[in-house]
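Fold and contact review
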Amino acid sequence: MRLRALPQSLVYATLALTESLSLNALYSFSASSLSAFSLPEAQQLFVSVAICSTEAASPTFFVTNTTSVAESTSSSDVFQIPLQSGFGYWTGTAPQGAFLTVQNIGQTSFQVAVSNGSLVHELLPSLPLLGDTTNTQALIYSYPFSPVDSSPSIYPNYTLPPANLSAPSPPSEPPAFSLFIAPTSSDLTSGPQTACAIQSASASVSVLTNDFWLRGNEGWRSQWLIGGLTPSTNYTAYVVQDQVKLSGPIYFSTKSPSFSCPLVHSLPYCPSTSYAVPLPFPQSPATFYDSSTLPQNISDPLLQYMTNFTAMLLTFPCGRDLYSPLQTCESCQEAYRNWLCSVSFPRCAEPPSSSSSPSSPTPALTAPQSGPNARNPNLPNVSYSYQTVLPCLEVCNAADRACPNVLGIKCPNPRFNAASSYGVGYIDSSAQGVFGGGSTGTAQDRWGNVWCNPS
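Just so it is clear, the structure is predicted and the values come from calculations on it, not from any experiment. (Residues numbered from 1 in each chain as written. Predicted model: local features only at pLDDT ≥ 70, side-chain atom pairs only at ≥ 80, totals over all residues. Heavy atoms only, no water.)

What follows covers the nonpolar core. Counting 33 residues, the largest nonpolar core has L279, L294, F309 and F345 as its most contacted members. Every element with two or more residues in this core is listed here: α3 (296-313), α4 (329-344) and α5 (393-402). In this structure L279 touches P262, V264, Y289, L294, I298, L379, P380, V382 and Y384, once residues within four positions along its chain are discounted. (Core = buried A, V, L, I, M, F, W, Y, C linked by side-chain atoms within 4.5 Å. Buried < 20%, exposed > 50% of the residue type's maximum accessible area, 1.4 Å probe, protein only. Helix = DSSP H or I, 4+ residues; strand = E, 2+ residues; numbered from the N terminus. Contact = heavy atoms within 4.5 Å.)

In structure tokens:
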């Protein structure tokens, strides 16, 4: 927002007290009625501000790109930095430096950052990802930050990844991610939506594990397993990158106190599996299953299925004969792996609460069951009753489209019997062969709804 002149009161304040700010540095300030800062020279200057806390009106920020702030009363360009949800920025030329003046009302605290490369503060468009919850735990991921580049194999030495994948080493210098959670009733979203505000307003949580995980071709994510949550409670979650960039919010609910399915995650052979599965509770002190605690009588059959499929797939002259202009044997194997994992590990779920919107589609839930699992007989019996959310039909269709016809992969028709074993009509239309147009357009959303299992 360009102004004709800087307010006279700020001119006097700036002449009386000016602090120099350096490039590529972060500054924090609080409880000052008037502040003024000289900005360094730059052909392209980026100034970002973030409100960290406020008890009354937000401060007003002005940028004057001139060598003398006194000139701002007549001839210089003066810009007011508009704030949206506590965040604002200005970018422009400052070949001879500039001034930032702040009219700070009340006890507001704020941050200022100046750069000549890009904005320091940022509200990121990519959201965190909810894996799943139990009654006291939640599995949450950051947005993908580093894709893995792999060179395709070449005929006649065409090879495919083994059944039990071995992930490459995580990036040597990943971003610094932090997870912040608070009950939604705390109204965390009503204050400034900036990294510093969320960090100061969030509740402390019990982090059981925090590491990096490669979820298939999505890329590396930071992964948190959180414990000590309250059953049947709505939560709001944010991820902060490098203390200044904010991702979120997303929302989720913990399950009821009687929910008994434990979380399963961090399986190299099923990298996208990250949800509650109908299994006996793991042996103490473990409270979840990963590759080190999942019984071999569950993992070995799955690995054998994957090995046999890969051997059958390689009977096709992969890399020499093209069966599709879009798909390869590698994308076929990946799609089949995703399907195999989604049907081998049923995803436990609960019916939507009575407070859910009546217009929201109903998830594809099975009837309550106990004892042997009909979809995967290798899973042991459990002593509790549970429901599962069905795999999305699109998971099967993806394998059908990605693989050579000679493999004979067939998926049920959505017009007839598909709904008995898959979630139908959520992502794609329930009409055969129609892409898109489903009732939700997605398998899950940022509000914690899961209509069918996408992985």
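Attention shifts here to the pattern of salt bridges. Applying the stated rule across the entire model yields six salt bridges. For E218, the salt bridge identified is with R215, shortest N-O distance 3.1 Å. Classification of E218 as partly exposed rests on a relative accessible area of 32%. In this structure, a network of salt bridges that share partners links the residues D132, K255 and R347. (Salt bridge = Lys/Arg side-chain N within 4 Å of Asp/Glu carboxyl O.)

Pairing within the open sheet is antiparallel, and its four strands lie in the order β3-β10-β5-β8. Looking at strand neighbours, the two that pair on one side only are β3 (25-30) and β8 (87-94), the edges of this open sheet. Within this sheet the neighbouring strands show an average axis-to-axis angle of 20 degrees, counted without direction. The sheet contact formed by strand β5 (residues 42-53) and strand β10 (residues 109-115) spans seven bridges and is antiparallel. In the strand pairing of β10, S53 is matched with S109. (Pairing = 2+ DSSP bridges. Axes fitted to C-alpha atoms, helices over the stretch in contact; angles between N-to-C directions.)

A separate point is the confidence of the model for the protein. On average, residues of the protein carry a pLDDT of 87, and 89% of them reach 70 or more. Note that pLDDT drops below 50 for residues 11-16; the model gives that stretch nine contacts with residues more than four away or on any other chain. With pLDDT under 50 throughout, residues 68-75 is counted as low confidence; its partners more than four residues away or in other chains account for 16 contacts. (pLDDT = per-residue confidence, 0-100.)

The final tally for this structure, using the stated rule, is seven disulfides. Put simply, C332 and C403 are joined by a disulfide, and their sulfur atoms are 2.0 Å apart. Taking the sign of the S-S torsion, about 100 degrees here, the bridge from C332 to C403 comes out right-handed. Of the two residues, C332 sits in helix α4 while C403 sits in the segment after α5, which places them 71 residues apart along the sequence. Each member of the pair, C332 as well as C403, carries the same accessibility label: buried. A sulfur-sulfur separation of 2.1 Å characterises the disulfide bridge that pairs C392 with C452. (Disulfide = S-S within 2.5 Å.)

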